Amino acid sequence: MTTTTAALVLAWIAIVLLALATAGLLRRVEQLSARGTVTAEPVVEPVRGLRLPLDQHLGELAGGSGEVLVLFASTSCATCQTAVDGIVAADPADFRVAVAVREPTFGPLEVPSGWVHRTSAHALFQIMRIPATPYLVRLGPDGTIVDSAMVVGSFDIKHWLTQQPAVANAAGREGART
């Protein structure tokens, strides 16, 4: 077989593979089009004023007098360790801190030993309506959600911890929109 013949055979093989890939892509586009228009789901997030029974979900933090800071993280989250490091750097001395993950272990996340650690916290993620990770939730001493925020980009954790958010109940939040 000459070089020209081999190149011609390889070119035809490439054309056949390209045709098959295009056919598969077109079939997938057709399937997606058949489903109709896609509507965006409403964004869910923790509702200020909602009271979490600390004794049931974060027992070690129940009955204290200071505010509670809960970081919802994931072991597969690229920015979760940065969020942990940011909280450590913010020195939340006035807060009792917990970290919750859905996974059975913390895996590569390095979390300070003085914090409450929650693994397999699926129920806590659902109750708190956590949309993504890393996500911070600030609770009052009784477990009432005071504030919440997604930790992204240049989020200033120290400033967020020192600001005094107005505690609003769920009805108050709805009333503010009207």
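Quick notes on the rules
- Residues numbered from 1 in each chain as written.
- Predicted model: local features only at pLDDT ≥ 70, side-chain atom pairs only at ≥ 80, totals over all residues.
- Heavy atoms only, no water.
- Helix = DSSP H or I, 4+ residues; strand = E, 2+ residues; numbered from the N terminus.
- Buried < 20%, exposed > 50% of the residue type's maximum accessible area, 1.4 Å probe, protein only.
- Contact = heavy atoms within 4.5 Å.
- Areas by Shrake-Rupley, 256 points an atom, 1.4 Å probe, with all protein chains shown as cover.
- Lys, Arg positive; Asp, Glu negative; His and termini not counted.
- Salt bridge = Lys/Arg side-chain N within 4 Å of Asp/Glu carboxyl O.
- Polar contact = N/O pair within 3.5 Å; in protein donor to acceptor, adjacent residues only side chain to side chain.
- Pairing = 2+ DSSP bridges.
- Right-handed = clockwise from strand over helix to strand, strands pointing away.
- 1 Å grid on protein atoms, 1.4 Å probe; cavity = no way out; pocket = protein on both sides within 12 Å on 5 of 7 lines; lining within 4 Å.
- Points joined across faces, edges and corners; volume = space filled by probe spheres on them.
- Nonpolar A, V, L, I, M, F, W, Y, C, P; charged D, E, K, R; others polar.
- Disulfide = S-S within 2.5 Å.
- Core = buried A, V, L, I, M, F, W, Y, C linked by side-chain atoms within 4.5 Å.
- Arc of directions from axis to C-beta.

Caption draft 1: Local environment of the overall build of the chain. Of the regular secondary structure elements, the chain holds six helices and five strands. When the helices and strands of the chain are read in sequence order from the N terminus, they spell out α-α-β-α-β-β-α-β-β-α-α. The buried share of the chain, reckoned over its 178 residues, is 33%. Put simply, 66% of the contacts in the chain that link residues at least 6 apart link residues at least 24 apart. Of the roughly 11,000 Å² that the chain leaves accessible, carbon and sulfur atoms contribute 59%.

Caption draft 2: Representation of the side chain of Arg 96 in the model. Tracing the chain through its elements places Arg 96 in strand β2 (residues 95-101). For the buried Arg 96, which has no salt bridge, the nearest side chain bearing the opposite charge is Asp 142, at an N-O separation of 8.3 Å. For Arg 96, the side chain forms a polar contact with the main-chain oxygen of Gly 66, separated by 2.7 Å. Apart from the residues lying within four places of it in its own chain, the contact partners of Arg 96 are Leu 61, Ala 62, Gly 64, Ser 65, Gly 66, Glu 67, Val 68, Leu 69 and Pro 141.

Caption draft 3: Just the pairing of strand β1 (residues 67-73), in detail. With seven of seven residues buried, β1 is to be regarded as a mostly interior element. Here β1 runs beside β2; their pairing, made up of seven bridges, is parallel. Each residue of the ladder has a partner; that of Glu 67, found in β2, is Phe 95. Taken together, β1, helix α3 (residues 80-90) and β2 constitute a β-α-β crossover, and its handedness is right-handed. With five bridges connecting them, β1 and strand β4 (residues 135-139) associate as antiparallel partners. Opposite Phe 72, over in β4, you have Tyr 135 as the bridge partner.

Caption draft 4: Looking closely at the layout of surface pockets. Considered as a void within the structure, the largest pocket measures approximately 150 Å³ in volume. Considering the residues around the largest pocket, the lining is formed by Glu 67, Ala 90, Asp 91, Pro 92, Ala 93, Asp 94, Phe 95, Arg 138, Lys 158, Leu 161 and Thr 162. Here the element with the most residues in the lining of the largest pocket is helix α5 (residues 157-162); it accounts for three residues. Residue composition of the lining of the largest pocket, by class: five nonpolar, one polar and five charged.

Caption draft 5: Layout of the state of the cysteines. Taken as a whole and assessed by the stated rule, the structure comprises one disulfide. Two residues share a disulfide in this structure: Cys 77 and Cys 80, whose sulfurs sit 2.4 Å from each other. Because the torsion about its S-S bond is 95°, the bridge between Cys 77 and Cys 80 counts as right-handed. On the basis of relative accessibility, which here comes to 17%, the residue Cys 77 falls in the buried class.

Caption draft 6: Geometry of the nonpolar core. If you look at the biggest cluster of nonpolar residues, it comprises 23 residues, and the most contacted ones within it are Leu 69, Leu 71 and Leu 136. Of all the secondary-structure elements, those providing two or more residues to this core are β1, α3, β2 and α5. If we ignore the near neighbours within four places in the chain, the residues touching Leu 71 are Ala 83, Val 84, Ile 87, Ala 98, Val 99, Ala 100, Pro 134, Tyr 135 and Leu 136. Ranked by size, the runner-up nonpolar core spans 19 residues in total, among them Leu 54, Leu 58, Val 68 and Val 137.

Caption draft 7: Region of interest: α3. Within α3, the full set of buried residues consists of Cys 80, Ala 83, Val 84, Ile 87 and Ala 90. Buried residues of α3, viewed axially, fall in a sector of 125°; they line one side. Along α3, exposed side chains directed more than 90 degrees from the buried face belong to Thr 82 and Ala 89. Where α3 ends, the next residue or the one after it, Asp 91, has phi of about 50°, a positive value.

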